[in-house]
Amino acid sequence: MKAVKKLACVAAAALLLFPAGSQAAKKAPKQGNNPVITLGDRPALEARRGSRVPDSGTDKAGTGTVKEDGQEKGKMAVRTAGDDGIQPAVKKDRQRKTARSYTAVHKRDLHAIYILPKDYKDITIKGKAQATKKQAAQLIAFNNKAMGIGCSIGEIIDLYWEEAEREGIRPDMALSQALLETGYFNFGGSVEPWQHNYCGLGTIGSGVQGAAFKTPQEGVRAHIQHLVAYCSHDLPKTKIIDPRYDKAHNLRLENGLITKWSGLNWTWAMGGEYAEKVINTHQLMLRCKDQEPDGMWANFKKQQKELEKLYDKKMKEREEAEKKYRKRKNPQESKDTKPAANNEVRKKDKKK
């Protein structure tokens, strides 16, 4: 009997020291309103209902498993409607037929995509240039082997510095915007070189070419004036040639001025990263050498005369097309003019 009692005592002690495996992963008692989850049942990440968690540890297949050192560490946890606790996503829920799982997604890191300074959202449209003219020339020369806008690299840069500084606009940033819009003056889209439209004025896609200007200087001036319309209460110091100035300026007076480049997202262009692209171009400019590239002052006077002739031809074609469009849209106007002329003839015949 004594031997049996000793064996029973040893077995009881063993159960106390070494609990069964099924009991090792049980939840500890509640503390407050939230249950405490022990190591055996703890999920690696918690994806609460309606929220998204960066999947820095998820596998490429998007299964939600978290891996550390090549091994699965746990599963994504989800909270469903009417669930008081957190349970692993893999565990079958027999009571809920409408349970939903939320897959974690990456948050877009703009600093990993573009070259951006830390305070890039605070860069103002007005201010002084940070890049030099020679750095700007280096960037253009590297990306454009043959300027087709009727002026040299040096001349277009001088125009941006002259027009922008007159209005207090940062010339290097305005030029960076032009380089983004025109593809470093290579164009290739709906806008053509003869238009001298360097900032997409009036272009809405679907082949619409937008505004056109006869000379590079007019194109640069219109660009700077449009920036003034966005960021300043004051009128431009030069005669307004921007065809969309009034519309843009009135809209900004109504909704608030935009004084920073970051504010051009979804306003100047329909894109949430438009400003980042402009600033990225400017950062590339700052990385260029501060020395004059070859061909910076090439002679393009002959080309400019040809572009002016092409401009005159294209604008006449536009005017004729607009007249035809107006006649088709308002056919009654042309009909009303004919009877008036016939009445005058009849009056003259009666007098005779």
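Given the structure is predicted, the values throughout are model-derived calculations rather than measurements.

A. Local environment of the overall build of the protein chain. What the protein chain contains, in helices and strands, is ten helices and five strands. The buried share among the 352 residues of the protein chain stands at 35%. Of the contacts formed within the protein chain by residues at least 6 apart in sequence, a portion of 62% connects residues at least 24 apart. Surface exposure of the protein chain reaches about 23,200 Å², of which carbon and sulfur atoms provide 51%.

B. Structural detail: the packing of aromatic side chains. In this structure the tally under the stated criterion is three aromatic pairs. Judged by centre distance (5.5 Å) and plane angle (90°), the ring pair of F185 and Y198 falls under edge-to-face. Here F185, found in the loop between α5 (171-182) and α6 (216-231), pairs with Y198, found in the loop between α5 and α6; they are 13 residues apart in sequence, far enough to count as distant. Seen in terms of ring centroids, Y230 and W268 are 5.0 Å apart; in terms of plane orientation they differ by 45°. Their pairing is tilted. Here Y230, found in helix α6, pairs with W268, found in the loop between α7 (245-255) and α8 (274-286); they are 38 residues apart in sequence, far enough to count as distant.

C. Examining α7 more closely. Of all the positions in α7, only Y245, A248, H249 and R252 are classed as buried. For α7, the arc enclosing every buried residue in end-on projection is 95°, short of the 170-degree limit, so these residues lie on one face. Of the exposed residues in α7, the ones pointing more than 90 degrees away from its buried face are D246, K247, E254 and N255. In this fold, the buried residues of α7 make contact with α6. Backbone geometry just downstream of α7 places G256 in the positive-phi region, at approximately 110°.

D. Structural detail: a positive patch on the surface. Together, K323, K324, R326, K327 and R328 make up a region of like positive charge exposed at the surface. Relative to the helices and strands, K323 is located in helix α9 (residues 301-329).

E. The side chain of S232, seen in detail. Mapped onto the elements of the fold, S232 is located in the loop between α6 and α7. For S232, the side chain forms a polar contact with the main-chain nitrogen of D234, separated by 3.1 Å.

F. Summary view of the side chain of H249. With respect to the helices and strands, H249 occurs in helix α7. Look at H249 and you get buried, because its relative accessible area is 7%. Looking at H249, its side chain comes within polar contact range of the main-chain oxygen of A229, at 3.1 Å. The contact partners of H249, leaving out residues within four places of it in the chain, are A229, S232 and H233.

G. View of the packing of α5 against α8. Packing of α5 against α8 leaves a shortest axis separation of 8 Å and a crossing angle of 110°. The orientation of α5 relative to α8 falls into the category roughly perpendicular. Here α5 and α8 pass one another in a crossing that is right-handed. Residue-level contacts link D172, M173, L175, S176, Q177, L179, L180 and E181 of α5 to Y274, K277, V278, I279, T281, H282 and M285 of α8.

H. The arrangement of a negative patch on the surface in detail. The grouping of E317, E319, E320 and E322 at the surface amounts to a negative patch. Within the element layout of this structure, E320 appears in helix α9.

I. Region of the structure containing the environment of L110. Along the polypeptide, L110 turns up in helix α2 (residues 110-113). Separated by 163 residues in the primary sequence, L110 and E273 place their C-alpha atoms 8.5 Å from one another. With residues up to four places along the chain from it excluded, the contact list for L110 reads L116, Y120, E273 and E276.

Reading the values: rules and limits
Every residue gets a number counted from 1 within its own chain, in the order that chain's sequence is written. Side-chain atom pairs in this predicted model are given and counted only at pLDDT of 80 or more, local residue features only at pLDDT of at least 70, and totals for whole chains, interfaces and linings cover all residues. Processing note: side-chain calculations cover all non-hydrogen atoms of the structure and skip hydrogens and water entirely. Comment: elements are numbered from the N terminus, with helices defined as DSSP H or I runs of at least four residues and strands as E runs of at least two. Buried residues are those whose accessible area, probed at 1.4 Å on protein chains only, stays under 20% of the maximum for their type, while exposed residues exceed 50% and partly exposed ones sit between those limits. In what follows, residue pairs with any heavy atoms lying within 4.5 Å of each other are defined as contacts. Using the Shrake-Rupley algorithm and a 1.4 Å probe, accessible areas are obtained, with residue cover drawn only from the displayed protein chains. Aromatic pairs are defined between Phe, Tyr and Trp rings, using the six-membered ring for Trp, whenever the two ring centres lie within 6.5 Å; interplanar angles under 30 degrees are classed as stacked, those over 60 as edge-to-face, and all others as tilted. Picture the helix axis, draw a direction to every C-beta atom, and the arc is the one those directions span. Distance thresholds for patches are 9 Å for like charges and 5 Å for nonpolar side chains (Val, Leu, Ile, Met, Phe, Trp, Tyr), applied to residues having over 30% relative accessible area and no salt bridge. Here, a salt bridge means any side-chain nitrogen of Lys or Arg that lies within 4 Å of a carboxyl oxygen of Asp or Glu. Only four residue types enter the tally: Lys and Arg on the positive side, Asp and Glu on the negative side; His and the chain ends are excluded. Here the site of a charge means atom NZ of a Lys, CZ of an Arg, CG of an Asp or CD of a Glu. Definition of a polar contact: a pair of N or O atoms within 3.5 Å, with one able to donate and the other able to accept a hydrogen when the atoms are protein atoms, and with sequence-neighbouring residues admitted only if both atoms are side-chain atoms. Geometry is summarised by axes, namely lines fitted to C-alpha atoms with helices restricted to the contacting stretch, and by angles between N-to-C directions that run from 0 to 180 degrees. Just so you know how the angles are binned, under 35 degrees is roughly parallel, over 145 roughly antiparallel, 65 to 115 roughly perpendicular, and the rest oblique. Left-handed describes a crossing whose near helix is turned anticlockwise from the far helix through less than a right angle; right-handed describes the clockwise counterpart.

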